[in-house]
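# A closer look at the structure
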Amino acid sequence: MLVLTVLISLGVVLRAYQLDRALGGGDENEVLLSWVYTPIESIVTTWSLGSLGGHHVFHTIVLRIMVLLFGEENELAIRFPAFVAGIACLWFVYKIAKEIFISKVVAQFVLLAVVVCPIHIYYSQTARGYSFMMFFSTLSIYATLQILKTEKYFKWCLLLFLSGFLLVYTMPLAVIFILGLGLWILFVLSLPKLRADFFIDARLCRKKLYHFFGVFLSMGLCSVLSYFPLIGQMMGSSAEYYKTSKVYSSSWDTLINFVPNLFLKIFSGPLIYFIPFIFVGIFFDKTCARSYRLLPVTILLTSYIVSLVSGLAWYPRVYLFNLPLLLIFFVGGVLWFGKSLRGLINPSISFNWVGYSLMGLYATVSLVEIFSHYYPSIKTFNANVYKKNIKSQIKNNDLLLVADSRNYLYARSIYKKNLQNIIADNQLGGIKLLVENRLNIEDYKVRFHNQNLPVFYNWQGKVNFNIISEDRKLIYLDEINSTSLLTNDFEITADWKIHSGAGSFTPINDHHFTEKYSLLAKSSANNDMILQSSLGQIELEKPHLIVLVWSTKKFASRDKFFAPVLEVSTLVDGKKSYGQVPLAKANEGMALFIKEKSTAKEQYYWQVHSSIGWLPAGKLGLYMYLKCEAGKSIAYDSLRLFLVSESSQFKRRALNKAES
């Protein structure tokens, strides 16, 4: 018991170290921003966003609960589910090893191998679903062995069902593992020699077969029902994503590299030299049942063959459900080899000093790899200091722009809070820009009509900055003036007309983000509906920055929302011409969902947005357009439009609707 306590404690320490590091590494940035910070109903009905692949749905749901309970930037809470799954996985790998080898010593060395496994440590402290996948696959194997060995079916069948279902709901490709496990069960129950390993006669065989069939059928049905809202998206967007992001260039590439890449994922760096012991363990080491040797082979070959035949071969991390069994037989191979070599060197010594020395070498090399390469590679900035530095430089009504989506985390909460202040007060204070130290204000661009639009092209030399961290700074525009061009209730008081398409629009008072009303638009089934309203005329002596803020409520996760469009009309040689205002969404991909404060039975989550661009100089007629997708509904609220300029050029005629 002391050995187990020490090993588990070591596993906890290795996985807890740097668990509270700043968020963002290992695709945590994408997972949190794209899915975790969205409502549950969006998580369970949205598979892919634009060019992104899918997400680990069950793990995402768990993370959503954690951020609701402990906050959106709580590093420990966000990584805690992966951490717990990783520690629990250690225990069940040990239990499986005892089932396979009957030896407590072998099982303890297996536990040591997993405790110091770098890739297992990495995913046990990263907010991704791979730790869940390794844990649920290990739990499925353990439950399967118990069903084969005992007649206490209910609790083990329930455990197999839950672990298998949650495994697939976390990682859809893990259905390959379920298929491999099912094939192994079928081999064991069909072949008398393998069946004899578990003392199963013909009568008992039928009974167990029915129980396994019921479990796997229930597992499949629940998986289909859970993924039902996502199946169409998975077949469409994911197929395109995998097609354009192929890991292997050809079937030949998959044939040659699939299995080696998986081994190299588990045995990284100098640990590569220990890979041959896996095959030694599978083919030579003594197990308590012959059928156990077939288990890792069946699951690994199923992964390989299905991926090769289907052409859907993804990154090795997706197939880490093989890790527990491969490490179990790796240890068996090391100890068998050590025992055999010891017999050749000095048969009189019964102590397997060669095998134990090799395991000590493996543990030492793993720890060196962890402390010299892994931990330094994930070390990052001090999140608390970073957040404090940003907050100290930004006032309540400042608009925070972040140049790189990789830097959205920790800036997002400030951006979200300030947008709410800007909307509530209908006032824009200043504009702050978070960029890498090597960049300047003219490098900030937004996407407009598939082109990168420079926003601050005429602000060089008119800004200051403060260093926020070693690699980031905060640029702020000096002495700007901003004026709101819209009233608080503009979306209700504006004179909207249907510009194109057909449908209806009406104010509603039971759901709103601010004030008392929002605008609900419903489009006919045939065409998108576009609403138009005149904002009046304005005269500018120089081009001005403009900032647009608004909120929307979609009624299905796959519905589209369209940013409001501004249009200007000008007189050129006595002829009126029209053009769209260059205005593009700021902080693209930083989804902000805020729950309304409403007395209605159902409370909406509103998505809040901002756009930035500029208005040209001259006498301009301004028009705004709102769009609703064909056959859909969408609500708009909190439209705010600000005209921004330097103090020195703040000369213009006021907006005048009578002249439009």
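Description of the structure in this document.

### Focus: the overall build of the protein chain
For the protein chain, the helix and strand inventory stands at 21 helices and 20 strands. C-alpha atoms of the protein chain, sized along the principal axes, occupy 105 × 50 × 50 Å. A buried classification covers 54% of the 660 residues belonging to the protein chain. Put simply, 77% of the contacts in the protein chain that link residues at least 6 apart link residues at least 24 apart. Where the 64 positive side-chain charges of the protein chain centre and where its 44 negative ones centre are 10 Å apart.

### Notes on the sheet that holds strand 2 (residues 431-436)
Sheet strands pair by backbone hydrogen bonding; their relative direction is either parallel or antiparallel. Read from one edge of the open sheet, four strands run 1-2-6-5, paired in mixed fashion. One side of each edge strand has no neighbouring strand; the edge strands of this open sheet are strand 1 (399-402) and strand 5 (463-469). Strand after strand, the sheet turns through a mean of 25° between neighbouring axes, direction not considered. Bridging between strand 1 and strand 2 involves four bridges; their strand directions are parallel. Directly across from Leu400, in strand 2, lies its bridge partner Lys432. Set on the sheet, helix 19 (residues 383-393) makes contact with strand 2, strand 5 and strand 6 (472-477); between it and strand 5 the angle comes to about 160°.

### With respect to the nonpolar core
Counting residues in hydrophobic clusters, the biggest one holds 126 residues, and the most contacted among them are Phe267, Ile328, Phe330 and Tyr362. When residues in this core are grouped by element, the largest group, 13 residues, is from helix 8 (residues 130-149). In contact with Phe330, other than residues within four places in its own chain, are Ala113, Phe267, Phe274, Phe277, Ile278, Met359 and Tyr362. Leu474, Ile475, Trp606 and Ala635 belong to the second largest nonpolar core, which has 65 residues in total.

### A short note on the packing of helix 17 (residues 323-345) against helix 18 (residues 353-378)
Packing of helix 17 against helix 18 leaves a shortest axis separation of 6 Å and a crossing angle of 135°. For the element pair helix 17 / helix 18, the angle class is oblique. The two elements helix 17 and helix 18 cross, and the hand of that crossing is right-handed. Residues Leu327, Phe330, Val331, Val334, Leu335, Phe337, Gly338, Leu341, Arg342 and Ile345 of helix 17 pack against Trp353, Val354, Gly355, Tyr356, Leu358, Met359 and Tyr362 of helix 18. Residues of the contact of helix 17 with helix 18, tallied by class, amount to 14 nonpolar, two polar and one charged.

How each quantity is defined
- Residues numbered from 1 in each chain as written.
- Predicted model: local features only at pLDDT ≥ 70, side-chain atom pairs only at ≥ 80, totals over all residues.
- Heavy atoms only, no water.
- Helix = DSSP H or I, 4+ residues; strand = E, 2+ residues; numbered from the N terminus.
- Buried < 20%, exposed > 50% of the residue type's maximum accessible area, 1.4 Å probe, protein only.
- Contact = heavy atoms within 4.5 Å.
- Lys, Arg positive; Asp, Glu negative; His and termini not counted.
- Charge placed at Lys NZ, Arg CZ, Asp CG, Glu CD.
- Pairing = 2+ DSSP bridges.
- Axes fitted to C-alpha atoms, helices over the stretch in contact; angles between N-to-C directions.
- Core = buried A, V, L, I, M, F, W, Y, C linked by side-chain atoms within 4.5 Å.
- Parallel < 35°, antiparallel > 145°, perpendicular 65-115°, else oblique.
- Left-handed = near helix turned anticlockwise from the far one by under 90°.
- Nonpolar A, V, L, I, M, F, W, Y, C, P; charged D, E, K, R; others polar.

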